[in-house]
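# Residue-level structural notes
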Amino acid sequence: MSGRTTALTPPADARPPVRHPEAPAPGEVIGAHYDNCFGCGGGVPHGLHLEVRAGEGVRVTAEFRVREAHQGAPGLAHGGVLATALDETLGSLNWLTRVIAVTGRLETDYVLPVPVDTVLHLDAEVSAVHGRKIYCTATGRIGGPEGPVAVRADAVFIEVKLEHFVNNGRPAEIKAVLSDPDQLKVVRAFEVNP
Ligand SMILES: CCCCC/C=C\C/C=C\C/C=C\C/C=C\CCCC(=O)SCCNC(=O)CCNC(=O)[C@H](O)C(C)(C)COP(=O)(O)OP(=O)(O)OC[C@H]1O[C@@H](n2cnc3c(N)ncnc32)[C@H](O)[C@@H]1OP(=O)(O)O
């Protein structure tokens, strides 16, 4: 045992999340954080191409259409792909706090099967923050934004510095990112965070 606390319930002295003053306005589409991201990048033909919008407070919504490349059982979405959609939506909450954080723990409930061609309507919010730990939840509904919940997740994201990517990413991709002006804009948005 490491003694590490990995519970998904925030401790009693956790604080509410704070929306960054320069967070995208409610309704604004949040662009991809990386063109080659499997969840949101436009450069990945078989990716999820998730389109995320800022909401009120520290909340986002997103839509994901399940395609043939995302099947697990015949005609049904793969559970891992649905977890990815939840993870990506939760990760986009970074843009509202302007804190870079990576998924530490993600617990997913699969409530209803999700057929190919279904649009999954995702909704995620940060519930609390404790030190570097960001507690958040997400749901994915089918049949419309008010439809029944098909998947849901609870997660803990852990705040990291940009160096997390620079030190751990494959050098070729890191070099490409750091020489791409559009990508540098993304990086700078997070560097100015106090
Ligand atoms: C230059 C290129 C930049 C390109 C990118 C640019 C910008 C990015 C900007 C925005 C990104 C926007 C959106 C991203 C959107 C979607 C992506 C989806 C998200 C992902 O898909 S991301 C990939 C999967 N993810 C990982 O690849 C993480 C691998 N992992 C690690 O890298 C380490 O494991 C780490 C860093 C997590 C911790 O390591 P560490 O050494 O820094 O911290 P440490 O262990 O000290 O823990 C500190 C406190 O967190 C608690 N804690 C730790 N681990 C926990 C766990 N698992 N569950 C619950 N709590 C946990 C401890 O209990 C302690 O809490 P306490 O202090 O209370 O005890």
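Rules of the game
- Residues numbered from 1 in each chain as written.
- Predicted model: local features only at pLDDT ≥ 70, side-chain atom pairs only at ≥ 80, totals over all residues.
- Heavy atoms only, no water.
- Pairing = 2+ DSSP bridges.
- Helix = DSSP H or I, 4+ residues; strand = E, 2+ residues; numbered from the N terminus.
- Contact = heavy atoms within 4.5 Å.
- Axes fitted to C-alpha atoms, helices over the stretch in contact; angles between N-to-C directions.
- Buried < 20%, exposed > 50% of the residue type's maximum accessible area, 1.4 Å probe, protein only.
- 1 Å grid on protein atoms, 1.4 Å probe; cavity = no way out; pocket = protein on both sides within 12 Å on 5 of 7 lines; lining within 4 Å.
- Points joined across faces, edges and corners; volume = space filled by probe spheres on them.
- Nonpolar A, V, L, I, M, F, W, Y, C, P; charged D, E, K, R; others polar.
- UniProt positions renumbered as here; feature names shortened; annotations may be inferred.
- Core = buried A, V, L, I, M, F, W, Y, C linked by side-chain atoms within 4.5 Å.

Another aspect to go through is the sheet that holds strand S1 (residues 29-30). Within the open sheet, the seven strands sit side by side as S1-S2-S3-S5-S6-S7-S4. Their pairing is antiparallel. Each edge of the sheet is formed by a strand with only one pairing partner; in this case those strands are S1 and strand S4 (101-110). Bridge count between S4 and strand S7 (residues 149-159): nine bridges; the pairing is antiparallel. Bridge assignment links Thr108 to a residue of S7, and that residue is Ala153. Seen against the sheet, helix H1 (residues 79-91) touches strand S3 (59-65), S4, strand S5 (119-130), strand S6 (133-141) and S7 and runs at an angle of roughly 135° to S4.

In this fold, Asn94 is placed in helix H2 (residues 94-97). What makes Asn94 buried here is its relative accessible area of 13%. The residues touching Asn94, leaving out its near neighbours within four places in the chain, are Val99, Ile100, Ala101 and Phe190.

The next subject is empty space enclosed by the protein. Counted by the stated rule, this structure contains one cavity of 30 Å³ or more. What the largest cavity holds in volume is close to 50 Å³. Along the walls of the largest cavity sit Ile30, Gly31, Ala32, His33, Cys40, Leu50, Val52, Glu88, Ser92 and Trp95, which together make up its complete lining. For the lining of the largest cavity, the class distribution of residues is six nonpolar, three polar and one charged.

When the UniProt feature table is mapped onto this chain, "domain: Thioesterase" (unreviewed entry) is found at residues 75-142. Along residues 75-142, the helical share is 25% and the strand share 46%, with 15 Å between the first and last C-alpha atoms.

Grouped together as the largest cluster of nonpolar side chains are 43 residues, with contacts concentrated most on Phe64, Leu90, Leu93, Leu120 and Leu122. Those elements giving two or more residues to this core turn out to be strand S2 (51-54), S3, H1, H2, S5, S6, S7 and helix H5 (181-191). Look past the residues within four positions of Leu120 in its chain and what remains in contact with it is Ala62, Glu63, Phe64, Leu82, Ala85, Gly140, Arg141, Ile142, Ala150 and Val151.

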